[in-house]
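Structure assessment
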Amino acid sequence: DHQRDMDKLAPILIVEILSPSTEAFDRGKKFAAYRRIPSLSEYLLVDPDSSRVELYRRNAENQWVLHAPQGDAPLELSSIDLSLDRATIFEDTEASPA
């Protein structure tokens, strides 16, 4: 069972690279399953086609809150203490921001 396997790994961050064929599933049923992983604190969706990122972070009340960096603001991944700028995130994609 995929859920049981994920619980054993105890991930704190999961990153999904979106594609047109999987985007709805990644945002819907897959995220619903991931929210049940007690160790998970951040879920990052990266859309290379639109050069957008969406970071969902679990807060102290166990609610998931969207954190989407605006403009050139770096993406702060607090679960692994890492800050990434947009150029780094999209470095090897065709839709790399200029």
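Residues numbered from 1 in each chain as written. Predicted model: local features only at pLDDT ≥ 70, side-chain atom pairs only at ≥ 80, totals over all residues. Heavy atoms only, no water.

Here's the deal with the confidence of the model for the protein chain
For clarity, the cut-off: The pLDDT value tells you how sure the predictor is about a given residue, anywhere from 0 up to 100. Counting from the N terminus, the helices are DSSP H or I runs at least four residues long and the strands are E runs at least two residues long.
The predicted model of the protein chain averages 87 in pLDDT, with 87% of residues at 70 or higher. Per-element averaging of pLDDT across the protein chain places helix 1 (residues 2-9) at the bottom with 62 and strand 4 (residues 64-67) at the top with 96.

Some details on the pattern of salt bridges
What counts is decided by this rule: What counts as a salt bridge is simple: a side-chain nitrogen of Lys or Arg found within 4 Å of a carboxyl oxygen of Asp or Glu. The rule is simple: take the accessible area with a 1.4 Å probe, protein chains only, and divide by the maximum for that residue type; under 20% is buried, over 50% is exposed, in between is partly exposed.
Tallied over the full model, the rule gives 6 salt bridges. With a closest N to O distance of 2.8 Å, R57 and E42 form a salt bridge. In this pair, R57 sits in strand 3 (residues 52-58) while E42 sits in strand 2 (residues 42-47), placing the two residues 15 residues apart along the sequence. Looking at E42, the relative accessible area reads 0%, which means it is buried.

So, the packing of aromatic side chains
Our working definition: Only centres within 6.5 Å qualify two rings of Phe, Tyr or Trp (six-membered ring in Trp) as a pair; their planes then separate them into stacked at under 30 degrees, edge-to-face at over 60, and tilted for everything else. Charge over a ring is defined by NZ of Lys or CZ of Arg lying within 6 Å of the ring centre and within 35 degrees of the ring normal.
Evaluated as defined, the whole model comprises 4 aromatic pairs. Summarising the aromatic geometry, the rings of F31 and W64 are spaced 5.5 Å apart at their centres and angled 75° between planes, so their arrangement reads as edge-to-face. Pair noted here: F31 is in helix 3 (residues 29-34) and W64 is in strand 4, with a separation of 33 residues, a long-range link. For the ring pair Y34 and Y43, a centre distance of 5.4 Å and an interplane angle of 70° mean the geometry is edge-to-face. We classify Y34 as buried; its relative accessible area is 7%. Y43 sits in the buried class, given a relative accessible area of 0%. Each member of the aromatic cluster is reached from another via a ring pair, and the members are F31, Y34, Y43, Y56 and W64. Above the ring of F31, the side-chain terminus of R35 is found at 4.7 Å from the ring centroid.

A word on the sheet that holds strand 2
Here is the rule we go by: Any two strands are treated as partners once DSSP identifies two or more bridges connecting them. Fitted lines through C-alpha atoms give the axes, limited to the stretch in contact for helices. The angle between two N-to-C directions lies from 0 to 180 degrees.
Judged by pairing direction, the sheet is mixed, and its 4 strands sit side by side in the order 1-2-3-4 without closing on themselves. Each of the sheet's edge strands pairs with one partner strand only, and the pair in question is strand 1 (13-17) and strand 4. If you compare each strand with its neighbour and ignore which way they point, the axes differ by 20° on average. Examined bridge by bridge, strand 3 and strand 4 share 4 bridges and lie antiparallel to one another. From the neighbouring strand, Y56 faces strand 4, where its bridge partner is L66.

Notes on the side chain of D47
Selection criterion: For the purposes of these results, a polar contact is taken to be a pair of N or O atoms within 3.5 Å, where, inside protein, one atom must be able to donate a hydrogen and its partner to accept one; residues adjacent in sequence count only when each atom of the pair is a side-chain atom. Throughout, a residue-residue contact means that at least one pair of heavy atoms, one from each residue, lies within 4.5 Å.
Looking at the element boundaries, D47 is found in strand 2. Of note is the side chain of D47, whose polar atom sits 3.0 Å from the backbone nitrogen of D49. Setting aside residues up to four positions removed in sequence, D47 forms contacts with L18, R52 and F90.

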